[in-house]
Structures are given as structure tokens and as C-alpha cells.
Amino acid sequence: MLTGTGRVTVFPLLHLWPDIYGAVAYTTTGHFGVEAVVGYVPVPEVPDIHLMDAAARHTAHTTEWVLCTGWSSRVVPKPGTLDLRDTEWALEVDGSSKPEKVVYGHQQLHVGRMTLKDPEIMPRVRGLLEARMGDLATV
């Protein structure tokens, strides 16, 4: 389990073609953010996202793909992306890996299930997905 407080970017990620999105959160930890933390935010009606499996469907460089997806979500946010400041988070780690070289300042990646401590954030996360998929009760 990893925990921290800081800037968290939450964005929609299409992970089951053609129309099932999940919510993914990106943050950093470690000295100057050398460790990237990328996790799916669980929403009951939406299947869990196993980020390294999703990455493997795109490339053999799975760690780098996840790092790029998380980092770019902050640098070029999609419509509706949540940019949360001073947010308390916890990651139930599925796995950790090191990229072949430093990627976007990151020397380590941790992926898994991310929980955002503020209960007022989850309705915003649901809204982010509903903007893409409609009523989640029909998913």
C-alpha cells in the first residue's frame, strides 16, 4: 500500500472497445516526483482497469506506455479531466516496475487500485465517466 497527499489528475481511459471507459488517476511521490503512481479509481458499475494489461495490448514497452498515459493526461488534459490539488490518496499496489530509462522524470512506476480519501470527489469521478458513457446504471 502506498499513500500520499498531493496533486492528482483523474481522467477517462477507454479500455474496453468500443465504449467502456474507466477512471484513472495519476500522481507522483518520492523526491521530486521520481516515482509515478497510476491507478484506476474503482466505480462499481465499471470493470476494473488492469493498466499493465491495457498497456500490453498497445506495446511491448508497458511501463513506458503507462507513464506516458498518466503524464500526458496532466500536460494535455482531456475534456472533463479533474485536476485535484492537495488530495489524499492511497494505492493498493498491483505491481511496480522501472522503465528502461528515466521517462518524464520518473524512475519507478506503481500501478493498482487508487482510493481518493475525500468522499466529495467520487461524484465528480462518476460525472466524468457519465459524460463519456451516459447513465452508468445501464453499463
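Let me begin by describing the structure that accompanies this report. Numbers given to residues run from 1 along each chain, matching the order in which its sequence is written. Only residues with pLDDT of at least 70 get local features here, since the model is predicted, and only at 80 or more are side-chain atom pairs given and counted; chain-wide, interface and lining totals rely on the full set of residues. The side-chain values count all of the structure's non-hydrogen atoms but skip hydrogen atoms and water molecules.

**With respect to the overall build of the chain**
Stated precisely, the cut-off is as follows: Helix numbers and strand numbers start at the N terminus; a helix is a DSSP run of H or I with at least 4 residues, a strand a run of E with at least 2. Burial status follows relative accessibility: with a 1.4 Å probe on protein chains alone, a residue under 20% of its type maximum counts as buried, one over 50% as exposed, and anything between as partly exposed. Two residues form a contact once any of their heavy atoms are found within 4.5 Å. Throughout, the Shrake-Rupley method with a 1.4 Å probe supplies accessible areas, and for residues the shown protein chains are the sole cover considered. We score Asp and Glu as negative and Lys and Arg as positive, and we do not count His or the chain ends. Charged side chains are reduced to one point each, which is NZ for Lys, CZ for Arg, CG for Asp and CD for Glu.
Looking only at helices and strands, one finds three helices and five strands in the chain. Reading the chain from its N end, one meets helices and strands in the order β-β-β-α-α-β-β-α. Projected onto its principal axes, the C-alpha coordinates of the chain cover approximately 40 × 35 × 25 Å. Going through the 139 residues of the chain one by one, you find that 45% of them count as buried. Within the chain, residue pairs in contact and separated by at least 24 positions form 68% of the contacts whose partners lie at least 6 positions apart. When the accessible surface of the chain is summed, it comes to about 7300 Å², and 53% of that surface belongs to carbon and sulfur atoms. Both charge centroids of the chain, one from 12 positive and one from 16 negative side chains, sit 6 Å from each other.

**Comments concerning the environment of H50**
Position of H50 among the secondary structure elements: in the loop between β3 (35–41) and α1 (51–56). Judged by its relative accessible area of 42%, H50 falls in the partly exposed class. Each C-alpha atom, one on H50 and one on T63, is 13 Å from the other, the two residues being 13 residues apart in sequence.

**Some details on the pairing of strand β1 (residues 2–16)**
The test is simple: In this description, strands pair whenever DSSP reports at least two bridges between them.
With eight bridges joining them, β1 and strand β4 (residues 82–97) adopt antiparallel strand pairing. Opposite T5, over in β4, you have E88 as the bridge partner. Between β1 and strand β2 (residues 20–29), which pair antiparallel in sequence order, lie three residues.

**Structural notes on the pairing of strand β5 (residues 108–116)**
In summary, the side chains of a regular strand alternate between the two faces of the sheet. Burial runs high along β5: seven of the nine residues are buried. Note: β3 against β5, six bridges, orientation parallel. Bridged to E35 within β5 is Q108. Taken together, the eight bridges between β4 and β5 define a ladder with antiparallel strand orientation. Looking at the pairing, A90 lines up with T115 of β5.

Purely spatial values, then, with no claim about function.
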